[in-house]
Amino acid sequence: MTTRTAVAGRGYPREGASGEPNLLEIENLMVRFELPAETVRAVSGVSLSVAPSETFALVGESGSGKSVSMLSVMGLLPSPPAVVSGSIRLEGREVLGMPGRLLRRFRGRDVAMVFQEPMSSLNPVHRVGRQIGESLRIHRGVARSEARRQAIHLLDRVGIPSASIRVDDYPHEFSGGMRQRAMIAMALACDPKLLIADEPTTALDVTVQAQIVDLVRELQAEYRLAVVWITHDLGVVAEIADRVAVMYAGRILETGQASDLYRATRHPYTSGLLRSIPRLDRSVTTRLAEIPGAPVRVVSELAACPFDDRCPLAADGCQDALPELEAVGPEGHSSACIHHHEMGSASSLWPEGTAAGRQDSEEQPGDVVVSIRDLRVHFPIIRGMRESRKRAIRAVDGVSLDVVRGKTLGIVGESGCGKTTLGRAMVALVRPTGGTIEINGEPINHRSGRHRKVVQMIFQDPFSAMNPGMRVSDVIAEPLRIHRLADAGTARERVSELLTQVGLPPDSGGRYPHEFSGGQRQRIAVARALAADPEVVVCDEPVSSLDVSVQAQVINLLADLQARTGMAMVFIAHDLAVVRHVSHEVGVMYLGEIVEKAPRDQLYEDPLHPYTKALLEAVPVPEPDYDASQRTRLVGDVPSPADPPAGCRFHTRCPVAVEGLCSTVKPALEEVTPGRWVSCHLVSPPAG
Amino acid sequence: MAQYGVVVVVAVTLNFLLPRLMPGNPLALIAGVDVGMLTPDQRAEIVARVGLDAPLWQQYLRYWGDIFTGDFGFSFRSSRPIVDMIWERLPWTLLITGLSLLVSAVVGVLLGAISAWRRGTKGDLGMLSGMISIESLPSFWLGMVLVSLFAVQWGLLPSFGAVTPASDLEGWAHVWDIISHAILPVTALSIVGTPGVYMTMRYSMLETLGEDYIRTARAKGAGERRVLFGHVARNTIAPVITVLAIRLGFAFGGTVIIETVFSYPGLGRLVFEAVAGRDYPVMQAAFLVFTAAILVANLAADLLYPLIDPRSRTS
């Protein structure tokens, strides 16, 4: 295997990067998990290399083998059940089969890793500083005091304010973004040559994600780090990756320079992934392009293209042999598709199609189904047995909204902004502290009963939102029984009908939830919500736990069902691009309040509130060479809703806040143009 | 903290009300005499002596006063002050329950840790099935087997009591006498108590070993010793400490079965005797002591937990 020439990263000259030997070389890596029931082939023949100070993105859906490949580099896979073969060389030394004692010298010193969930990846009982200093104590044998001193320096370097005080905090005292910064500080402690980042921003808000991406980019230039960035999101890595490999079913399907892979895609799967990302820079008149089916789970040795059953190019020959990567373009661009030369443009391969009866947002306003006025939901802070009367978590603090029949209201905001609580209040799962919610003019009632049928909810995690001991048919039929909408005979018919409507086989009702994939389970949740024939469906982050290729399916399904039934929807999400795709009107929430509310196109084309602007700018664009330098980044995290800042709640993070005004006077939510509400001192109020 | 106060008040109030709510004359329960055999004068005299002529709220207040001054009344059977009886029995109970708790804790924690560290191996599964078998042994049967083997068959150890009666031993001979009497009950209690600790420890450690931060520690290059003592130990031990503290609370109550099998003069045996002789005041006093001990142990666990797990510290 010839050594690939590393290319200096864009924008950051990397002296001496070219011509150096590869830092990491993986050849024909195979990983299988020998479980009692079956053998899962997580990685089936992966070869790749990473040059010094290069950023290499490993992209794939869940189960594609991307994390498993990199965990085997670290020797961190549990064995048994994992069986690893092939070759992994770090600076020319074979690490596979290396005794643990020697392998441990590499870990943390030459190769460091950052994980997805910063909270669970930090030991809860040790101080942050001690955990950062630990690698130094292990590899350099420095004294406790020296390790602490360096931990302060590192925390300061990754942007933790007052690092010399925060060094003695415990992980639970840090916010999500700070925890991930601490993890990065920990990884950098021994000045490693390679940093493996396993979905480091997936659990974070989009604004914090942008901060972390910037931080890693900066540190990479400073420490001359090579980075392997594992992600499911082609958008996140477009700005930073030098080279990309797309994995599926334990194989690399396409790899190459980022610019070639994004612009001259040579594998139908890559193009499908790129097409199914809802984007802010495209119009929303059509359905999202979707990849049918769900990612496969490989249990027997691959003998054919694993993507065959989901591929629009599938033809004779695809099932005959396992396609190997072959060169399709310059600088190592290669694809494992025998039909790669037949690939047309992405839009012809993955058509978006038009949704039947999808209505435009410019139509006459329909009648209001849900009317929320000055809604407040405060959660008392409980200390011992007493509630503190003064302090409370103000999750929702004075929200007024209308949900219109046949339309979708999108609610966006960072975690902790109160959007989930607002949704739960609408289905009477939490009791409001003040204000009113009326459905069809009737105030909602917190007692159980038939009146509940008009409003149904779809939850974020279809795995935990469904009783695992109930058959799917019972899960779906439960609302029918509760609301006495069908007797036993017709219930069965209705369940098959609902299953067909959500795109599942009508006879799948006899199975249990765990037999379905995530996307299928979310379809079941949709069927359950529809069973009661509701007038409003509240969707709380319905696609954020799903694979990228499956997200588009569920979004399209919801849009189709709305067109068919005329139900109103409330779509709660942190992802502005997704919200844009499904909503007619969008409300932006910050610390329990609506800061901007407008018809979709107005909001996205001309955001007025600085917070809306910042949120939009933080959305990653799946374009390499996108100039991110003009962006304003939000600094810091959302303040505690127990103690919101005085004046405008956003002023502490606002790039344009006016001292003395924004910090003292609370702006009112005012209608600046018809249908468009903003609460900001700097947005001019309506003339006259 | 406030919860503990509520539990104490409820327990004491219940204890006060029970004899007064039970069918029949409360005099029979409180004074322990056959009411039908008394003349009216005698009856009035007893009523006045135990204070049953006062209004209920006065009786209630006096009950609280009695508890604070350590006056639990007198035993029906021996007519001795109950406080003295409890003080007499408590050290013996604490000796055998305390020692056996220590043994079960050390053995259970060690074996549980080894088992979890070698999860899925033959050693782990063997140990697990062994512990499940021991758990299913009835303690009275175990006690009787120990007595028949070590005391009757081989004559190595005494079969009953806490000291040899009327032996007037002194110094080391006296200490050895106490130890030799305690060995069998402590052994029986330790065997019965170990599986619970083992299971808690094994489960807790398996849980910890599966945590992401253990993977982080390994990713830093930490060796097995550092992973085990630096990262696993403290996270694992927190739930185990809670279980042990609660067991310590129950230890004050002694164990009715083992103390009866070995005729050991602890609180458990006192309760057994009181039940057999319908000695209600003794039962009530014992009930209060048990409640108090369990509450104190729970409180200790609550206070100890934040020292181990910083997340449970309130700001």
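Residues numbered from 1 in each chain as written. Chains lettered and ligands numbered in written order. Predicted model: local features only at pLDDT ≥ 70, side-chain atom pairs only at ≥ 80, totals over all residues. Heavy atoms only, no water.

*Asks:* Go over the overall build of chain B with me, naming the residues and quoting the values.
*Replies:* Secondary structure summary: chain B contains 13 helices and zero strands in total. Scanning chain B from its N terminus toward the C terminus, one meets helices and strands in the order α-α-α-α-α-α-α-α-α-α-α-α-α. Reported as C-alpha extents along the three principal axes, the dimensions of chain B are approximately 85 × 60 × 40 Å. Every one of the 315 residues in chain B was classed for burial, and the buried ones make up 38%. Long-range contacts, defined here as pairs at least 24 residues apart, represent 69% of the contacts in chain B between residues at least 6 apart. (Helix = DSSP H or I, 4+ residues; strand = E, 2+ residues; numbered from the N terminus. Buried < 20%, exposed > 50% of the residue type's maximum accessible area, 1.4 Å probe, protein only. Contact = heavy atoms within 4.5 Å.)

*Asks:* Tell me what's going on with the interface of chain B and chain A, and back it up with residues and numbers.
*Replies:* The accessible area lost on association of the parts is a frequent measure of interface size. Counting residues at the interface gives 25 residues for chain B and 30 residues for chain A. Surface buried jointly by chain B and chain A totals about 2,400 Å² across both partners, of which 56% is contributed by carbon and sulfur atoms. When residues of chain B are sorted by the area they lose upon contact with chain A, Arg215(B), Ala219(B) and Lys220(B) head the list and together hold 26% of the total. Linking chain B with chain A are two salt bridges, by the criterion used here. The partner of Lys220(B) in a salt bridge is Glu134(A), and the shortest N-O contact between them spans 2.8 Å. At the boundary of chain B and chain A, one finds 14 residue pairs in polar contact (both at pLDDT 80 or more). Those elements that provide at least two residues to the side of chain B that touches chain A are α1 (2-21), α9 (212-219) and α10 (224-251) of chain B. By residue class, the composition of the side of chain B that touches chain A is seven nonpolar, eight polar and ten charged. (Buried area = accessible area lost by both parts, 1.4 Å probe. Salt bridge = Lys/Arg side-chain N within 4 Å of Asp/Glu carboxyl O. Polar contact = N/O pair within 3.5 Å; in protein donor to acceptor, adjacent residues only side chain to side chain. Nonpolar A, V, L, I, M, F, W, Y, C, P; charged D, E, K, R; others polar.)

*Asks:* Now, about the pairing of strand β20 (residues 568-573) of chain A: what can you tell me, with residues and values included?
*Replies:* Residues and elements named next belong to chain A. Within β20, six of the six residues are buried, which leaves it mostly tucked inside the rest of the structure. Covered by surrounding structure in β20 are Ala-568, Val-570 and Ile-572 together with Met-569, Phe-571 and Ala-573, the residues of both alternating faces. Bridge analysis of strand β15 (residues 408-412) against β20 gives five bridges, and the strand direction is parallel. By the bridge assignment for β20, Gly-410 is matched with Phe-571. Handedness of the crossover joining strand β19 (residues 536-540) and β20 through helix α17 (residues 548-565): right-handed. (Pairing = 2+ DSSP bridges. Right-handed = clockwise from strand over helix to strand, strands pointing away.)

*Asks:* Give me the layout of surface pockets: which residues, what numbers.
*Replies:* Over the atoms, a rolled probe matching the size of one water molecule traces out where space is still vacant. In this structure, the second largest pocket spans a volume of roughly 1,100 Å³. Around the second largest pocket, the lining is made up of 30 residues, and of these Gly75(A), Leu76(A), Leu77(A), Pro78(A) and Ser79(A) lie nearest the centre. Elements that contribute at least two residues to the lining of the second largest pocket include exactly α1 (66-74), β4 (82-90) and α2 (100-106) of chain A together with α9 of chain B. Here the lining of the second largest pocket takes four residues from α9(B), the largest share from any one element. Of the residues assigned to the lining of the second largest pocket, the class counts are 15 nonpolar, seven polar and eight charged. (1 Å grid on protein atoms, 1.4 Å probe; cavity = no way out; pocket = protein on both sides within 12 Å on 5 of 7 lines; lining within 4 Å. Points joined across faces, edges and corners; volume = space filled by probe spheres on them.)

*Asks:* Describe the packing of helix α8 (residues 171-209) of chain B against α10(B), with residues and values.
*Replies:* All names here are of chain B. Put simply, α8 and α10 touch, their axes get as near as 9 Å, and they point 145 degrees apart. Where α8 crosses over α10, the handedness of that crossing is right-handed. Here Gly-193, Gly-196, Val-197, Thr-200, Met-201, Ser-204, Met-205, Thr-208 and Leu-209 of α8 lie close against α10, whose contacting residues are Leu-228, His-231, Val-232, Asn-235, Thr-236, Ile-237, Pro-239, Val-240, Val-243, Leu-244 and Arg-247. Here the residues of the contact of α8 with α10 are counted per class, giving eleven nonpolar, eight polar and one charged. (Axes fitted to C-alpha atoms, helices over the stretch in contact; angles between N-to-C directions. Left-handed = near helix turned anticlockwise from the far one by under 90°.)

*Asks:* Hey, could you go over empty space enclosed by the protein for me, with residue numbers and the actual values?
*Replies:* All names here are of chain A. Here the structure, examined in full by the defined rule, presents eleven cavities of 30 Å³ or more. Approximately 100 Å³ is the volume attributed to the largest cavity. Taken together, Arg-275, Ile-277, Pro-278, Arg-279, Arg-282, Ser-283, Val-284, Leu-288, Glu-352, Ala-577, Arg-580 and His-581 make up the full set of residues lining the largest cavity. Per element, the largest residue contribution to the lining of the largest cavity is three residues, and it comes from helix α18 (residues 576-582). Of the residues assigned to the lining of the largest cavity, the class counts are five nonpolar, two polar and five charged.

*Asks:* Describe a nonpolar patch on the surface, naming the residues involved and giving the relevant values.
*Replies:* Together, Leu99(B), Leu102(B), Val103(B), Val106(B), Val107(B) and Leu110(B) make up an exposed nonpolar region whose accessible area comes to about 500 Å². As for its position among the elements, Leu110(B) is in helix α5 (residues 82-117). (Patch = residues over 30% accessible without salt bridge, like charges linked within 9 Å, V, L, I, M, F, W, Y side chains within 5 Å. Areas by Shrake-Rupley, 256 points an atom, 1.4 Å probe, with all protein chains shown as cover.)

*Asks:* A description of the pattern of salt bridges should follow, citing residues and the corresponding values.
*Replies:* Residues and elements named next belong to chain A. Following the criterion strictly, the structure yields 44 salt bridges over all chains and no others. A salt bridge links Arg-89 to Glu-27; its shortest N-O distance comes to 2.8 Å. One end of the pair, Arg-89, is in strand β4; the other, Glu-27, is in strand β1 (residues 24-34), and 62 residues separate them in sequence. A relative accessible area of 21% places Arg-89 in the partly exposed class. One continuous salt-bridge network, built from bridges that share partners, spans Asp-374, Arg-376, Arg-394, Asp-397, Glu-593, Arg-649 and Lys-666.

*Asks:* Pulling in residues and values, what's your account of the environment of Arg109(A)?
*Replies:* Residue and element names in this part refer to chain A. Examined against the element boundaries, Arg-109 turns out to sit in the loop between α2 and β6 (111-114). As a C-alpha pair, Arg-109 and Val-167 span 58 residues in sequence and 21 Å in three-dimensional space. Each residue touching Arg-109, except ones within four places of it in the same chain, is listed here: His-139, Cys-190, Asp-191, Pro-192 and Lys-193. Polar side-chain contacts of Arg-109 include one of 3.4 Å to the backbone oxygen of Arg-105.

*Asks:* If you had to explain helix α16 (residues 518-531) of chain A to someone new, which residues and values would you point to?
*Replies:* Residue and element names in this part refer to chain A. Taking 1.5 Å per residue, 14 residues should reach 20 Å; α16 reaches 20 Å between its end C-alpha atoms and fits that length. Among the 14 residues of α16, 13 are classified as buried, and the element is accordingly described as predominantly covered. At the exit of α16 stands Asp-533, carrying a positive phi of roughly 55 degrees. (Expected span 1.5 Å × (residues − 1).)

*Asks:* Which residues make up the state of the cysteines, and what values do they have?
*Replies:* Applying the stated criterion across every chain, the model contains zero disulfides over all chains. Cys648(A) supplies the cysteine sulfur nearest to Cys417(A), a cysteine that is in no disulfide, at a spacing of 15 Å. (Disulfide = S-S within 2.5 Å.)

*Asks:* Explain the sheet that holds strand β12 (residues 334-335) of chain A residue by residue, including any values.
*Replies:* Residue and element names in this part refer to chain A. An order of β6-β7-β8-β3-β9-β10-β12-β11 is seen for the eight strands of this open sheet, with the pairing classed as mixed. Pairing within the sheet leaves two strands with one partner each, and these edge strands are β6 and β11 (326-327). Relative to β12, β11 is paired through two bridges, and the arrangement is antiparallel. Its bridge partner being in β12, Ala-327 is matched across the sheet by Ser-334. Against the sheet, helix α11 (residues 268-276) touches β9 (243-248) and β10 (251-257), its axis set at about 100 degrees to β9.

*Asks:* I'd like a rundown of α17(A), residues and numbers included.
*Replies:* Residue and element names in this part refer to chain A. Over its 18 residues, α17 runs 26 Å from end to end, which matches the ideal 26 Å to within 8%, given 1.5 Å per residue. By the criterion of burial, α17 is predominantly enclosed, with 14 of the 18 residues buried. Gly-566 lies just past α17 and shows a positive phi near 70 degrees.

*Asks:* Explain the packing of aromatic side chains to me, using residue names and the numbers behind them.
*Replies:* What the rule picks out here adds up to 13 aromatic pairs over all chains. With a centroid separation of 5.5 Å and 50 degrees between ring planes, the pair formed by Phe16(B) and Tyr63(B) is classed as tilted. In this pair, Phe16(B) is assigned in helix α1 and Tyr63(B) in helix α4 (residues 56-68), connecting sequence segments 47 residues apart. Given a relative accessible area of 2%, Phe16(B) falls into the buried group. A residue is classified by how much of its surface remains accessible, and Tyr63(B), at 16% relative accessible area, is buried. With a centroid separation of 5.4 Å and 90 degrees between ring planes, the pair formed by Phe150(B) and Trp154(B) is classed as edge-to-face. Note on Phe150(B): relative accessible area 27%, which makes it partly exposed. Put simply, the rings of Phe16(B), Tyr60(B), Tyr63(B), Trp64(B) and Phe68(B) pair up and form one aromatic cluster. One cation-aromatic arrangement involves Arg511(A) over Phe516(A); the distance from NZ or CZ to the ring centre is 4.5 Å. Sitting above the plane of the Tyr604(A) ring, Arg580(A) keeps its charged end 5.8 Å from the centroid. (Phe/Tyr/Trp six-rings, centres within 6.5 Å; stacked < 30°, edge-to-face > 60°. Lys NZ or Arg CZ within 6 Å of the ring centre and 35° of its normal.)

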